[in-house]
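Residue strings, one per chain:
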Amino acid sequence: MPTCDYRFQTSIYALYFYDHLLTFSDEVDKIWLQPFTFASLLFYINRYFTHGQFIILNNFMKQRGPMQCNGIMKFPGAGTLCLVAIAELIMILRVYAIYLANKYVLVFLLSILSGQIITEAWGVQFSIRIPQPSTFPGCVPTGSNNWFAALWVAPLVTDACIFVLTIWRTVRYKRKHGRMTTMDIILRDGIMYFFVIFSANLMNSLIYFLAPEDLKAVGASFSQLLTATMISRLQLNLRQARRSGTIHADTPRRLKVNSPRKPSESSRNGDFLDSNDATATVTFFTLGNLGEEIQGSFFEASDTKGIPHEEIEMGPSGHVGYLRPGRV
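In every chain, residue numbers begin from 1 and rise along the written sequence. Whole-chain, interface and lining totals are the exception, using all residues; otherwise, since this is a predicted model, local features are given only for residues with pLDDT of at least 70 and side-chain atom pairs are given and counted only at 80 or more. Side-chain measures were taken over the full set of non-hydrogen atoms in the model, leaving aside hydrogen atoms and water.

Draft legend 1. Here's a closer look at the packing of aromatic side chains. Stacked, tilted and edge-to-face pairs are distinguished by plane angle, under 30 degrees for stacked and over 60 for edge-to-face with tilted covering the rest, among Phe, Tyr and Trp rings (Trp via its six-membered ring) whose centres lie within 6.5 Å. Counted under the stated rule, the structure contains 16 aromatic pairs. Judged by centre distance (6.4 Å) and plane angle (40 degrees), the rings of Tyr13 and Phe17 are tilted. You can see Tyr13 and its partner Phe17 sitting in helix α1 (residues 2–32), four residues apart, about one turn around the helix. Given a relative accessible area of 17%, Tyr13 falls into the buried group. Helix numbers and strand numbers start at the N terminus; a helix is a DSSP run of H or I with at least 4 residues, a strand a run of E with at least 2. Accessible area is worked out with a 1.4 Å probe on protein chains only. A residue is then buried under 20% of its type maximum, exposed over 50%, and partly exposed in between.

Here it is in structure tokens:
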């Protein structure tokens, strides 16, 4: 069984490596050659820490005996915890962006993520080596009790919350203002990510509770690499929306939205970057490729009455920027 498990991990990692090769040119163009931001840092961690972890799992841990495994059995679970947390944080930043830096939304989702991390960390401590003859090498992990399944059960809650908030915001916008390429991408990717990752984590949870002892964690590598692949694609797809310059034909060239912030405030607050504002600067905490396309121009920043309207113009690249106060 350990040999089969490592072969399965290797085959899944080969798919991940192949997808990296397919998207490498986009990564160089849209991430490497752009200003370094917090969003970029999360992309690099998600992309390359995954490579490092699976190189270690398939080489360093493959030939270890039972005594050597005892001290490192928590590494696979801890690595999964960290990478899944990074993926969830990237999705939270997307939601934070489309809700126009709403602190209540951010605090709510970070609280859910904190609960996920705590629950998963508690489950990781029950990692043990799969029972097998002492002459069989390899550190294939499983859990000593059902708490180990928290590695896949806990993300189900976080993903569900992110999905509901994303659907609520994007559908509400599309009903009021029609279709727009960036909004379609956010909605499409959000739905795709949720159902793919939710299904993978649900599958792992069921396998852990129903499968024989030596097969309980067989799908762990599959869901983790699938998550890393989907997150990388999400970030690259959203950056592509601005580069492609494609706008749906029925999208109005000018929109009027309620915005409690002036352009200069939107540029200086460090949350979003308006490329049409000459005073805008990129800082490490600019959302960059997560929030660059989804500023106040795409959404109603507030439903409060009495807030002055501002006229928005769609730029030739698909970017939306402030022009001047509009007459209501």
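Draft legend 2. Just a nonpolar patch on the surface, in detail. Like charges are joined within 9 Å and nonpolar side chains (Val, Leu, Ile, Met, Phe, Trp, Tyr) within 5 Å, but only among residues with over 30% relative accessible area and no salt bridge; these make up the patches. Each accessible area is a Shrake-Rupley estimate made with a 1.4 Å probe; only the visible protein chains count as cover when residues are assessed. The working definition used for a salt bridge is a side-chain nitrogen of Lys or Arg within 4 Å of a carboxyl oxygen of Asp or Glu. A cluster of nonpolar residues, Val153, Leu202, Leu206, Phe209 and Leu210, forms a patch on the protein surface that exposes about 460 Å² of accessible area. In this structure Phe209 comes out as partly exposed when scored by relative accessible area, which is 40%.

Draft legend 3. The arrangement of the side chain of Ser223 in detail. By the secondary structure assignment, Ser223 is in helix α8 (residues 220–244). Polar contact is the term for a pair of N or O atoms within 3.5 Å; when the atoms are in protein, one must be able to donate a hydrogen and the other to accept it, and sequence-neighboring residues count only if both atoms are side-chain atoms. Side chain to side chain, Ser223 and Asn204 meet in a polar contact 2.8 Å long. Aside from chain neighbours lying at most four places away, what touches Ser223 is Trp152, Ala200, Asn201 and Asn204. Any two residues having at least one pair of non-hydrogen atoms within 4.5 Å are treated as being in contact.

Draft legend 4. Structural context of the pattern of salt bridges. According to the stated counting rule, one finds four salt bridges in the structure shown. Of the charged contacts in the structure, one is a salt bridge between Glu27 and Arg47, with a shortest N-O distance of 3.0 Å. Within this pair, whereas Glu27 is found in helix α1, its partner Arg47 is found in helix α2 (residues 38–60), the two being separated by 20 residues in sequence. Accessibility assignment for this pair places Glu27 and Arg47 in one class, buried. Residue Asp189 pairs with Arg188 through a salt bridge whose shortest N-O separation is 3.0 Å. A relative accessible area of 2% places Asp189 in the buried class. With a relative accessible area of 41%, Arg188 lands in the partly exposed category.

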